[in-house]
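In case you want the letters, here they are:
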Amino acid sequence: MYKYTKDGVSVTSVLDTRRIKNNGRYPVKIQVIYKRIQKYFGTGKELLLDEWQRLPRTRSCYLQEVRRDIISSFDLIKQEVQSLTERGEFSFEELCRRLGRGRDEMLHTTFKRRIDHLRAEQRIGNMLWYTNVYKSIQRFAPRPIPLSEITVSWLERYDKFLRAERKSPVTISMHFRAIRAILNEARKNGTLKETQYPFGKGKFEIQDGEGRKIALNIHQIEQIAHYAEGSRTSLYFRDLWFFIYLCNGINVADLVKLKYANIIDGEICFVRQKTEHTSRKRHEIRAVMTPEMYTILHRWGNPVAPDNYLFPVLDGSESPLQQKIKTQNLTRRINWHMHIIGQKLGIGHISTYTARHSFATILKHSGANIMYISESLGHSDLRATACYLAAFEKEERQKNAHLLTNFAGTSTPSGS
């Protein structure tokens, strides 16, 4: 009855006679065809065959009302198709997302869509993290949840649920950041009204998750560097940990991808995998190759060739998911052996995060500028660097507070 065509996309109102309803009527739908693929969108209206045939010229008040509703549905889809085709951005996925406006999209659906998108972009780390949050939400609320039901009260209940599961403050913070990212996208595309948005000042505020302060001092680093007990395997993982520390606290995911081609003029040059897809500006990190790093490479590294990885972890044939699995396995093995070394040295728990935090804190102790530390870590925001230096700042405050009552170095004026 109504039809619109633009740039290979056609929109038509049709009576869907593929399946008759129990009342003898057929549903009226809006059919969209693109590249020979058909999608149907409901109008909520049902008609008999003869009513459909009489609809264009009917004088029936009832059918005139139905016709107006069908036109309204048709125009809505037509406008979205027109907008997308004019910008050369038409896809059924984008059309369905836009048509979510006015309908209550489900949180579970949006999470699945984000996970599929990350998988398609081969951003495996983020995909696995959103999958983890999605599973957590399913444990908390098994039934599908409309976005409009993600209220301050719902978020507070979910917060209590996560705490009952003994999740760390950092993990809880990251769970809520994932949900906020989903709702930010829904707010941006109009699926969620501004008045329904539950985050922000005076609403639900995500607490900054402060992790355990795990930085070591230079004496403890020296103990680890000179540790000579244990098996050859133990010393291998100790050396990998020490290389991480010396290489600006590099993440394991970036370490395993380093090649000899990354060594330029005595420096290792790389871009953090974590921020490669999120930062607007490509930020290259440079770490000076120290004699200790060359020694570790000579001891454990692959043969020197531009296309060879520094360390024999990847061989270049792995899929993104296989790379992620190998990276996680290596991280666990480093952490396990460093945990044992930490116990033997009386230092306590040591992990790859310890190396990164220690790199930042020891530089700060030595008087390095926080901007230099931030650039060396690959942070785009000084606030992220400040989290790494939180233990150092507290130590400084405690030392300065002690000065307020350091009476030993003072003398009492005569006559007092």
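- In the nomenclature of an unreviewed UniProt entry, the protein is known as Site-specific integrase of Candidatus Rikenella faecigallinarum.
- Heading Sequence similarities (unreviewed entry) of the UniProt record for the protein holds this comment: "Belongs to the 'phage' integrase family."

So, the overall build of the protein
Thinking step 1. When helices and strands are tallied, the protein shows 16 helices and 7 strands.
Thinking step 2. When the 416 residues of the protein are sorted by exposure, 40% land in the buried category.
Thinking step 3. Look at the contacts in the protein between residues 6 or more apart in sequence, and 56% of them connect residues 24 or more apart.
Thinking step 4. Surface exposure of the protein reaches about 24200 Å², of which carbon and sulfur atoms provide 49%.

Let's talk about unusual backbone geometry
Thinking step 1. Despite not being glycine, Asp-7 has its phi angle at roughly 50°, a positive value.
Thinking step 2. In this fold, Asp-7 is placed in the loop between strand S1 (3-6) and strand S2 (9-15).
Thinking step 3. The backbone phi angle of Arg-166 is positive, close to 60°, even though this residue is not glycine.
Thinking step 4. A relative accessible area of 78% means that Arg-166 is categorised as exposed.

So, the packing of aromatic side chains
Thinking step 1. Within the structure shown, the criterion is met by 20 aromatic pairs.
Thinking step 2. Between Phe-140 and Phe-161 the ring centres are 5.3 Å apart and the planes differ by 50°, which places this aromatic pair in the tilted class. Of this pair, Phe-140 sits in helix H5 (residues 124-140) while Phe-161 sits in helix H6 (residues 152-164), placing them 21 residues apart in sequence.
Thinking step 3. Its relative accessible area of 22% is what places Phe-140 among the partly exposed residues.
Thinking step 4. Three or more aromatic residues joined by ring pairs make a cluster, and in this case those are Phe-140, Trp-154, Tyr-158, Phe-161, Phe-176, Tyr-197, Phe-199 and Phe-204.
Thinking step 5. A cation sits over an aromatic face here: Lys-39 above Phe-92, 5.9 Å from the ring centre.
Thinking step 6. The ring of Tyr-197 carries Arg-187 above its face, with NZ or CZ at 3.8 Å from the centroid.

Some remarks on the packing of helix H4 (residues 107-120) against H5
Thinking step 1. Between H4 and H5, whose axes approach to 9 Å, the crossing angle comes to 160°. As judged from the angle between their axes, H4 and H5 are roughly antiparallel. Note on packing geometry: the crossing formed by H4 with H5 is left-handed. Across the interface between the two elements, Leu-107, His-108, Phe-111, Lys-112, Arg-114, Ile-115, Leu-118 and Arg-119 of H4 pack against Asn-126, Met-127, Tyr-130, Thr-131, Val-133, Tyr-134, Ile-137 and Gln-138 of H5.
Thinking step 2. When its residues are assigned to classes, the contact of H4 with H5 shows 9 nonpolar, 4 polar and 3 charged.

Considering the environment of Gly-316
Thinking step 1. The topology assignment puts Gly-316 in the loop between helix H11 (291-300) and helix H12 (320-345).
Thinking step 2. Taking relative accessible area as the criterion, Gly-316 reaches 49% and is therefore assigned partly exposed.
Thinking step 3. Note: C-alpha distance between Gly-316 and Lys-257 (59 residues apart in sequence) is 9.1 Å.

With respect to the environment of Leu-183
Thinking step 1. With respect to the helices and strands, Leu-183 occurs in helix H7 (residues 169-189).
Thinking step 2. For Leu-183, a relative accessible area of 0% gives the class buried.

So, the pattern of salt bridges
A side chain of one charge can pair with a side chain of the opposite charge when the charged atoms of the two come close.
Thinking step 1. Inspection of every chain in the model, using the stated rule, returns 17 salt bridges.
Thinking step 2. Among the salt bridges present, the one from Lys-45 reaches Asp-69, with a minimum N-O distance of 2.9 Å. Of this pair, Lys-45 sits in strand S4 (residues 37-47) while Asp-69 sits in helix H2 (residues 61-86), and the two are 24 residues apart along the sequence.
Thinking step 3. On the basis of relative accessible area, Asp-69 is assigned to the partly exposed category, the value being 26%.
Thinking step 4. Shared partners join several salt bridges into a network, and the residues in it are Asp-16, Arg-18 and Lys-29.

Here's the deal with the sheet that holds S4
Thinking step 1. The strand order across the open sheet formed by 4 strands is S1-S2-S3-S4, and the pairing between neighbours is antiparallel. Every interior strand has two partners, whereas the edge strands, S1 and S4, have only one. The mean angle between the axes of side-by-side strands here comes to 15°, regardless of whether they run parallel or antiparallel.

About the thresholds
Residues numbered from 1 in each chain as written. Predicted model: local features only at pLDDT ≥ 70, side-chain atom pairs only at ≥ 80, totals over all residues. Heavy atoms only, no water. UniProt positions renumbered as here; feature names shortened; annotations may be inferred. Helix = DSSP H or I, 4+ residues; strand = E, 2+ residues; numbered from the N terminus. Buried < 20%, exposed > 50% of the residue type's maximum accessible area, 1.4 Å probe, protein only. Contact = heavy atoms within 4.5 Å. Areas by Shrake-Rupley, 256 points an atom, 1.4 Å probe, with all protein chains shown as cover. Phe/Tyr/Trp six-rings, centres within 6.5 Å; stacked < 30°, edge-to-face > 60°. Lys NZ or Arg CZ within 6 Å of the ring centre and 35° of its normal. Axes fitted to C-alpha atoms, helices over the stretch in contact; angles between N-to-C directions. Parallel < 35°, antiparallel > 145°, perpendicular 65-115°, else oblique. Left-handed = near helix turned anticlockwise from the far one by under 90°. Nonpolar A, V, L, I, M, F, W, Y, C, P; charged D, E, K, R; others polar. Salt bridge = Lys/Arg side-chain N within 4 Å of Asp/Glu carboxyl O. Pairing = 2+ DSSP bridges.

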